[in-house]
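Here is what each chain is made of, one letter per residue.
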Amino acid sequence: MNRRTFTATSLAAVLAPLPRPSFAQQTTTDLPGYQVAEINGGRLTAGHGGMATPHAVVDDDTLFQVASCSKTVTALAVLTLVRDGRIELDQAANRYLRQWQLPGPRGATATIAELLSHTAGTTVHGFEGYGPGIEIPNLPDILSGRHPANSNPVRTRRRLFRQFRYSGGGTMVLQALIEDITGMGFATYTTTEVLTPIGAPRATFALKPASAFAHGFYADGQPLDGGFRRHPESAAAGLWATASDLAKILQAVLHSLSGARDALIPVALAQRMVTPVSWRSGLGVFVTPSATILHEGRNFGFDSVMAAELATGRVRAAVTNRNGALETYARQLVPD
């Protein structure tokens, strides 16, 4: 699904004070389900409310599809490979790819860093996912735009001066790269090397989580057929997580920037991650002029946003299971 423009209202969702909904608010079927989380001074605070499904309320452990926030986890996974000396950011991705090669005018020269920053000129903005009973394509099918994939082929186009062009397709090239370099499935590697070390082991790239998860709703309140769409495009859009998990993902970036002994990646890699390349795009995150790093996402039925202030170390995240509800809820959090 196409990435939304990050709005001031959605940013307010992660910068405003945590809500304190009443029990009646938490259990009403009129509200979409949501979670919010904050890490401030090293302390995690979380809140939740609304319905995960028509018959179950949201709690702090309910998983939501977090869509393009998956890309930050993918970036961290790639940077662990750089950390370990297995790849170089400024080398062409095709040098490391085995199961598939990136085609197009710049396919032979597009670097890993360019793919991470959406400056490689790759195609395919976003992915729609797959409903119940629909055949799921494998990774080469997705990259090649081949049946049963419902997306176009991923390839490079000509572009000038490292111009920013948002591309979920480029992120899928990185999924192939991770699998080719490690010999492991993408979900296995990211769980082992990123999600578990940062304290988010329940977050998952499984097509359907084994733990309790929310069902999605369109903006008009209509439920998704089957409750959600499956996303084999894991690196770009497939993560299931809580708001607390999203907060921990950005906290891992801040932890690395501080040079902590148990940081996920070295300081130099973390600094490069949060340095804009073109427009406001760093490596797997966006960076505002006020030095806030962030990402947001939208799949059918789910919205998510996470942000961290580099100056203060404050991290915020919010997720909902109804398109558009994040902005609606954010307006309730913004002081008059």
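Structure's up top.
These notes cover the structure that comes with them. The structure displayed is predicted, hence computed values, not measured ones.

Analysis parameters
- Residues numbered from 1 in each chain as written.
- Predicted model: local features only at pLDDT ≥ 70, side-chain atom pairs only at ≥ 80, totals over all residues.
- Heavy atoms only, no water.
- Helix = DSSP H or I, 4+ residues; strand = E, 2+ residues; numbered from the N terminus.
- Expected span 1.5 Å × (residues − 1).
- Buried < 20%, exposed > 50% of the residue type's maximum accessible area, 1.4 Å probe, protein only.
- Pairing = 2+ DSSP bridges.
- Contact = heavy atoms within 4.5 Å.
- Axes fitted to C-alpha atoms, helices over the stretch in contact; angles between N-to-C directions.
- Salt bridge = Lys/Arg side-chain N within 4 Å of Asp/Glu carboxyl O.
- 1 Å grid on protein atoms, 1.4 Å probe; cavity = no way out; pocket = protein on both sides within 12 Å on 5 of 7 lines; lining within 4 Å.
- Points joined across faces, edges and corners; volume = space filled by probe spheres on them.
- Nonpolar A, V, L, I, M, F, W, Y, C, P; charged D, E, K, R; others polar.
- Phe/Tyr/Trp six-rings, centres within 6.5 Å; stacked < 30°, edge-to-face > 60°.

Take helix α3 (residues 70-83) next. The end-to-end C-alpha distance of α3 is 20 Å, a good match for the 20 Å that 14 residues give at a rise of 1.5 Å each. Of all 14 residues that make up α3, 13 are buried, and the element is covered over most of its length. Where α3 ends, the next residue or the one after it, G85, has phi of about 75°, a positive value.

Here we come to the sheet that holds strand β10 (residues 315-320). Across the sheet, six strands lie side by side as β2-β1-β10-β9-β8-β7; this open sheet has antiparallel pairing. A single partner strand is all that each edge strand has here, and the edge strands are β2 (43-49) and β7 (286-287). In the packing of helix α9 (residues 243-257) onto the sheet, the strands contacted are β1 (34-40), β2, β8 (292-299), β9 (302-309) and β10, and the crossing angle to β10 comes to about 150°.

The next point concerns the pairing of β10. In regular strands, side chains alternate between the two faces of the sheet. Counted residue by residue, β10 has six buried out of six residues, so it is predominantly covered. Here β10 shows a buried face lined by V315, A317 and V319 and a second buried face lined by R316, A318 and T320. Sheet topology note: the β1/β10 ladder contains six bridges and is antiparallel. By the bridge assignment for β10, V36 is matched with A318. One ladder, built from six bridges, connects β9 with β10; its direction is antiparallel. Across the sheet, M306 pairs through a bridge with A317, a residue of β10. Between β9 and β10, which pair antiparallel in sequence order, lie five residues; one of them, G313, sits at a positive phi of approximately 80°.

Our focus in this paragraph is the pattern of salt bridges. One pass over the structure, following the stated rule, counts eight salt bridges. Between R314 and E38 there is a salt bridge whose closest N-O contact spans 2.8 Å. Here R314 is found in the loop between β9 and β10, whereas its partner E38 is found in strand β1, with 276 residues between them in sequence. Residue R314 shares its accessibility class with E38, and that shared class is buried. Two residues, R83 and E193, come together in a salt bridge whose shortest N-O distance is 3.8 Å. Of the two residues, R83 is situated in helix α3 and E193 in helix α7 (residues 186-195); the sequence distance between them amounts to 110 residues. On the basis of relative accessibility, which here comes to 31%, the residue R83 falls in the partly exposed class. By relative accessible area, E193 is classed as partly exposed at 25%. Overlapping salt bridges bring together E38, R314 and R316 as one network.

Once that is clear, we can look at empty space enclosed by the protein. This model, assessed by the stated rule, comprises two cavities of 30 Å³ or more. Taken as a whole, the second largest cavity holds about 40 Å³ of empty space. Every residue lining the second largest cavity is listed: K71, L115, L116, H118, T171, G284 and H295. For the lining of the second largest cavity, the class distribution of residues is two nonpolar, four polar and one charged.

Applying the stated criterion to the full structure yields 10 aromatic pairs. A ring pair is formed by F186 and F205, whose centres lie 4.9 Å apart and whose planes are at 70°; its orientation type is edge-to-face. Here F186, found in helix α7, pairs with F205, found in the loop between α7 and α8 (234-237); they are 19 residues apart in sequence, far enough to count as distant. For the residue pair F186 and F205, the accessibility class agrees, reading buried in each case. Aromatic side chains W240 and F302 sit 5.8 Å apart centroid to centroid with 75° between the ring planes, which places their arrangement in the edge-to-face category. Within this pair, whereas W240 is found in strand β6 (residues 240-241), its partner F302 is found in strand β9, the two being separated by 62 residues in sequence.

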